[in-house]
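Commentary on secondary and tertiary structure
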Amino acid sequence: MSLPKRVVLVGPMGAGKSTIGRLLAKELGYQFMDSDRIIEERCGANIPWIFDVEGEDGFRQRETAMLRELAEQDQAVLATGGGAIMRPENREVLKQDAIVIYLRTSIEQQVERTRKDRNRPLLQNEDPEAVLRKLFSIRDPLYTGLADIVMQTDRKSPRLVVRQLVNRLNPKTPRHKRKVYKEGRHHV
């Protein structure tokens, strides 16, 4: 199996898309792109501000335009926002010439990883766990339906997840190279 043109990471907030994406891109020799960060850079404003001024629909329109642009990039790992999969047109764009990986994590892990993050507008309320549960019930089937690979991230270090993903993306890596890779002395 040869490596795909693009690897797209989907999943809920707190799943590790940005952290894992950065490490995976380095391992594959690809560029890393985070759609939310690029939107912020281009707007000169953070996502909570965009949500406040334009509403969620305004943000989602920006996100769709950004995903279309980023889908043109080859040899790239793309980390998407948690809600990017809500629009059917986004799902179509994300799967074109790409391997889609769903980084799946438990609600408990999401709560732990996002509890101090003020840059997540959907969680700025009295009961963020209830919001996460509701989002999971709606989005999990969409993530699963879109994904070529589902990778559980709970209680795994980002490096372990990346190692498992590299082995799934390129299982023909010679065994002796995989062993060296696991020991961290050589990049495949």
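Relevant structure appears above.
Residues numbered from 1 in each chain as written. Predicted model: local features only at pLDDT ≥ 70, side-chain atom pairs only at ≥ 80, totals over all residues. Heavy atoms only, no water.

Before going further, it helps to examine the pattern of salt bridges. Across all of its chains, the model carries 13 salt bridges by this definition. Between Arg87 and Asp57 there is a salt bridge; the shortest N-O distance is 3.2 Å. You can see Arg87 sitting in the loop between strand 3 (76-79) and helix 4 (88-95) and its partner Asp57 sitting in helix 3 (residues 47-70), a full 30 residues away along the chain. Residues Glu108 and Arg133 are paired through a salt bridge, measuring 3.4 Å at the closest nitrogen-oxygen approach. With Glu108 in helix 5 (residues 107-114) and Arg133 in helix 6 (residues 128-146), this pair connects stretches of sequence that are 25 residues apart. With a relative accessible area of 39%, Arg133 lands in the partly exposed category. (Salt bridge = Lys/Arg side-chain N within 4 Å of Asp/Glu carboxyl O. Helix = DSSP H or I, 4+ residues; strand = E, 2+ residues; numbered from the N terminus. Buried < 20%, exposed > 50% of the residue type's maximum accessible area, 1.4 Å probe, protein only.)

What you see with strand 5 (residues 149-152) is a clean split: Ile149 and Met151 sit on the buried side and Val150 and Gln152 on the side with no burial. With four bridges joining them, strand 4 (residues 98-104) and strand 5 adopt parallel strand pairing. By the bridge assignment, Ile101 is partnered in strand 5 with Ile149. (Pairing = 2+ DSSP bridges.)

Looking now at the side chain of Arg87. You can call Arg87 buried: its relative accessible area is 19%. Arg87 has contacts with Asp57, Arg60, Gln61 and Thr64, leaving out every residue within four places of it along the chain. (Contact = heavy atoms within 4.5 Å.)

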